[in-house]
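Report on the structure
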Amino acid sequence: MRLLILCSDATRADIGQRRCGASMLAGLDRRSIAWELHRPWLPRPDLADFDAVLCWTYRHHLGENTLFHAARLEERCAGLGIPVINPVAHAAARHSWFLATWHRHGVPCARAVRFARFADFGLPYPLILRRDGVHMGRDVHRVENPGEARALIDGRLRELLHPDRRSRPGGPFDLAIEFVDTRGPDGLYRKWRSYVVGDRVIPRMLSISRHWLVNFGNLEEGPAAQAEDRAFVAGGEPAADLVRRAARLTGADVVALDYARRPDGSVVFWEANRHFLMLGDPGYEQPGRMHAATGRSDEERRAEDEAVGLAVADLVLERARAAA
């Protein structure tokens, strides 16, 4: 079994700088899959030497038009009957594309509108205003009425005109999202995250907060939160079929999904993350907060990474055998 990995990284050390890449390579090794890295913009290898191709688009923005060249190589694979895992279609998509796609196909999610300046977005208030494609809860704001929305949007545009580039924010607000109140009867907000690798749904974490923006900065801690998280990870996602369907619509074979549940138990999807960070990645690791919120040890967290890596390897084997 020989696998060609299309990515921007040149060496194992490069691709292993992020936990998702390191776990993927470790999974391939444990399944005895011989692999080779290839930067798609370089001279093309002889594809006849490989049983499958895996597109690993993480950090693709560092390459030289990586997605374009990878798509061209994928076309050659299709002509040769070589399976492509995790194809690059929609690899550069932002929040708005995923939300629009889910909405169009009847997957429950928050409605969203892209914009350049303040307008009547056609969504009820309160609204969430953010920058499309920015992750980790950065620059996300809730506005209660049109006056607050206009003030926030116009104020950001004025800030962007500041003569000192170092004082400017990252960019203008360009995405309005319906605020779906998922607060439970106990006054707490919950956000679920699951990895989806092929058809396999791997529960990652149940985050609980008293704030509507659920992230590491405001998680509930202690035995009750830890028990809920452990029950989710151990018991699995009860709406696994719906999560799988949402994942398939992203076009990715390897993706992390963030979602919540309304008080009636129905699911609402927030985000799809093809280029997800994992606990342990620089800038994302918060071991103290993670342990306080979930009670998971370092060993348990490493096992989570290994499960994702092995799932990727098993998907490669499954697709290669089906094509043989």
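Residues numbered from 1 in each chain as written. Predicted model: local features only at pLDDT ≥ 70, side-chain atom pairs only at ≥ 80, totals over all residues. Heavy atoms only, no water.

Okay, the overall build of the protein chain next. Of regular secondary structure, the protein chain possesses nine helices and twelve strands. C-alpha extents for the protein chain along the principal axes are approximately 60 × 50 × 40 Å. Classification of the 324 residues of the protein chain by burial places 49% in the buried group. Considering only intrachain contacts with a sequence separation of at least 6, the fraction spanning at least 24 residues in the protein chain is 69%. Counting only carbon and sulfur atoms, one obtains 51% of the accessible surface of the protein chain, whose full area is about 15000 Å². Counting 46 positive and 43 negative side-chain charges, the protein chain places the averaged centre of each group 3 Å from the other. (Helix = DSSP H or I, 4+ residues; strand = E, 2+ residues; numbered from the N terminus. Buried < 20%, exposed > 50% of the residue type's maximum accessible area, 1.4 Å probe, protein only. Contact = heavy atoms within 4.5 Å. Areas by Shrake-Rupley, 256 points an atom, 1.4 Å probe, with all protein chains shown as cover. Lys, Arg positive; Asp, Glu negative; His and termini not counted. Charge placed at Lys NZ, Arg CZ, Asp CG, Glu CD.)

Another aspect to go through is unusual backbone geometry. Y125 connects to P126 through a cis peptide bond whose omega is 5°. Its place among the elements puts P126 in the loop between β5 (112-114) and β6 (127-130). Unusually for a residue other than glycine, H90 sits at a positive phi of about 65°. Tracing the backbone shows H90 in the loop between β4 (84-85) and α4 (95-104). Judged by its relative accessible area of 38%, H90 falls in the partly exposed class. Unlike most non-glycine residues, D139 shows phi in positive territory, near 60°.

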